[in-house]
Amino acid sequence: MKTKYMKDVFELKIKVVAADIDTLNHVNNVVYVKWMDQVAVAHWAFLTKNNSLSEYVWVVLKHEIDYLKQAVLGDEITVKTWVGETRGFKSERLMNFYKGSELLMKAKTVWGMLDAKKFKPARIRENVLNVLQPIK
């Protein structure tokens, strides 16, 4: 995976390998969900590289996924992600998966932020919001 960050969009490139392919000879839906998690973790690590915010952890509350086109063995996929609406203890992460300029899949995940010690919801305050949505 290669990473790139431009403005508020974080980008990763993924090469489709044999383990990603299902019996229909395309990338399995579960693989996309695994990639979504990997991209979210990489983006959070990038955003918090100067301040780990280790007092918080994130959990998935909801996924909405639209599978539009297929990816096959050998394809190079570009994943673009950015943070959407954030309030309370919830934050949306949006992702688009592309092969070249062709949109393959789009997704919205609602994440919940928890206190890392108590595993209870923690309100997203300014210190986290400043990391998720940098000043423009």
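To be clear, the structure that these remarks concern was listed above.
Scope of this entry: the structure provided in the associated data block. (Residues numbered from 1 in each chain as written. Predicted model: local features only at pLDDT ≥ 70, side-chain atom pairs only at ≥ 80, totals over all residues. Heavy atoms only, no water.)

As a further point, take the nonpolar core. Core analysis: the biggest nonpolar cluster contains 32 residues, and Tyr-32, Trp-35, Trp-58, Ile-77, Phe-97, Val-128 and Leu-132 have the highest contact counts within it. Listed by contribution, the elements that provide at least two residues to this core are strand S2 (9-15), helix H1 (29-47), strand S3 (56-67), strand S4 (76-87), strand S5 (90-99), strand S6 (102-115) and helix H2 (126-132). Element by element, the count of residues in this core is highest for H1, at eight residues. Setting aside chain neighbours within four positions, we find Trp-58 in contact with Trp-44, Phe-89, Ser-91, Trp-111, Gly-112, Met-113, Ile-124, Val-128 and Leu-132. (Core = buried A, V, L, I, M, F, W, Y, C linked by side-chain atoms within 4.5 Å. Buried < 20%, exposed > 50% of the residue type's maximum accessible area, 1.4 Å probe, protein only. Helix = DSSP H or I, 4+ residues; strand = E, 2+ residues; numbered from the N terminus. Contact = heavy atoms within 4.5 Å.)

This brings us to the packing of aromatic side chains. Geometrically, a pair of aromatic rings is defined through the distance of the ring centres and the angle of the planes. Counting across every chain of the model gives six aromatic pairs. Centroid distance Phe-10 to Phe-46: 5.6 Å. Interplanar angle 40°. Geometry classified as tilted. Taken together, the positions of Phe-10 in strand S2 and Phe-46 in helix H1 put the pair 36 residues apart, joining distant regions of the chain. Take Phe-10: its relative accessible area is 2%, and that puts it in the buried class. Every member of this aromatic cluster is reached through a ring pair, and the members are Tyr-32, Trp-35, Tyr-67 and Phe-97. Note that Lys-49 overlies the ring of Phe-46, its terminal NZ or CZ placed 3.6 Å from the centroid. Lying across the ring of Tyr-98, Lys-80 places its NZ or CZ 5.4 Å from the centre. (Phe/Tyr/Trp six-rings, centres within 6.5 Å; stacked < 30°, edge-to-face > 60°. Lys NZ or Arg CZ within 6 Å of the ring centre and 35° of its normal.)

Okay, the layout of surface pockets next. A volume near 170 Å³ is recorded for the largest pocket. Looking at the largest pocket, the residues that line it are Ala-40, Val-41, Trp-44, Trp-58, Val-83, Ser-91, Glu-92, Arg-93, Trp-111 and Leu-132. Per-class residue counts for the lining of the largest pocket are seven nonpolar, one polar and two charged. (1 Å grid on protein atoms, 1.4 Å probe; cavity = no way out; pocket = protein on both sides within 12 Å on 5 of 7 lines; lining within 4 Å. Points joined across faces, edges and corners; volume = space filled by probe spheres on them. Nonpolar A, V, L, I, M, F, W, Y, C, P; charged D, E, K, R; others polar.)

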